[in-house]
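Tertiary structure, described
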Amino acid sequence: SQELEQSPQSLIVQEGKNLTINCTSSKTLYGLYWYKQKYGEGLIFLMMLQKGGEEKSHEKITAKLDEKKQQSSLHITASQPSHAGIYLCGAEVGGGSEKLVFGKGTKLTVNP
Amino acid sequence: KAGVTQTPRYLIKTRGQQVTLSCSPISGHRSVSWYQQTPGQGLQFLFEYFSETQRNKGNFPGRFSGRQFSNSRSEMNVSTLELGDSALYLCASSSGTGVYNSPLHFGNGTRLTVT
């Protein structure tokens, strides 16, 4: 079965610093989804990547899917306290289903 | 457009009881999925419904069941509650044509505590 490993598990940065979160898959990724979650709340969809080498940006957040489609990175530039939360990567199981498997998440704290 | 609505937000139940959680998807979305989130296991897929039919099921015991109504609203039921069922239960909706075409949109969840 597909497994996703996220690193680091937690991250504390000073406001204004850049940071990167990684998501590594045990299998080829057919679709990779990044979500953000505030503690105890629902997941907010950030970006979806499908093609090897693809890169997408939303405000100060950039996500990439490597050429071999087994790893994705999420990069935040000039972090702000509003970026704090738990970042989760999710992978499509395949076969056109609606099912996603998720990594355990990366908890980001941004200190002002 | 209103988002995914889950009710109630919080529930406290006793072991052995049963519970029903409700989810109203985004208007026009025909697929509703349910996930369980715990600190230890993370997000785990429970099941997915499309047009009142269960299309996918995760690896959970039969105590966990669900259904979907003709208006796409969905309910999830857990019978004979165990302490380990304490979790955040998240509902997600999508068009149902595959997550590549329509990403999952999540509700704020129902926090279930079993004592």
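One can find the structure itself at the top, above this paragraph.
Here's a quick rundown of the structure. (Residues numbered from 1 in each chain as written. Chains lettered and ligands numbered in written order. Predicted model: local features only at pLDDT ≥ 70, side-chain atom pairs only at ≥ 80, totals over all residues. Heavy atoms only, no water.)

Time to look at the sheet that holds strand β3 (residues 19–24) of chain B. All names here are of chain B. The strand order across the open sheet formed by 4 strands is β1-β3-β8-β7, and the pairing between neighbours is antiparallel. With partners counted over all chains shown, the strands left at the sheet margins are β1 (5–7) and β7 (64–68), one partner each. Averaged over all pairs of adjacent strands, the angle between strand axes in this sheet comes to 20°, irrespective of strand direction. Sheet topology places β1 next to β3; 3 bridges connect them, and they run antiparallel. (Pairing = 2+ DSSP bridges. Helix = DSSP H or I, 4+ residues; strand = E, 2+ residues; numbered from the N terminus. Axes fitted to C-alpha atoms, helices over the stretch in contact; angles between N-to-C directions.)

What follows deals with the pattern of salt bridges. Here the structure, examined in full by the defined rule, presents 7 salt bridges over all chains. Note that Glu54(A) is salt-bridged to Lys56(A), the shortest N-O span being 3.7 Å. Lys56(A) gets classed as partly exposed once you look at its relative accessible area, which sits at 31%. One salt-bridge network, in which partners are shared between bridges, spans Arg63(B), Glu82(B) and Asp85(B). (Salt bridge = Lys/Arg side-chain N within 4 Å of Asp/Glu carboxyl O. Buried < 20%, exposed > 50% of the residue type's maximum accessible area, 1.4 Å probe, protein only.)

For the rest of this paragraph, the subject is the packing of aromatic side chains. Aromatic rings in a pair are described by how distant their centres are and how their planes are angled relative to each other. In total, this model carries 9 aromatic pairs over all chains according to the counting rule given. Taken together, the aromatic side chains of Tyr35(A), Phe45(A), Phe102(A), Tyr35(B), Phe45(B) and Phe106(B) make up a single cluster linked through ring pairs. Taking the ring centre of Phe50(B) as reference, the NZ or CZ of Arg55(B) above it sits at 4.3 Å. (Phe/Tyr/Trp six-rings, centres within 6.5 Å; stacked < 30°, edge-to-face > 60°. Lys NZ or Arg CZ within 6 Å of the ring centre and 35° of its normal.)

Hydrogen bonds between backbone atoms are what pair the strands of a sheet, whose relative direction is either parallel or antiparallel. Residues and elements named next belong to chain A. The 5 strands lie next to each other as β1-β3-β8-β7-β6, forming an open sheet whose pairing is antiparallel. Each end of this open sheet is capped by a strand with a single partner; those strands are β1 (4–7) and β6 (55–58). Strand-to-strand twist in this sheet, taken as the mean axis angle between neighbours without regard to direction, amounts to 15°. Here strand β3 (residues 19–25) runs beside strand β8 (residues 71–76); their pairing, made up of 6 bridges, is antiparallel. For Leu19, the partnering residue across the bridge sits in β8 and is Ile76.

Any functional reading would require information beyond the geometric quantities listed.
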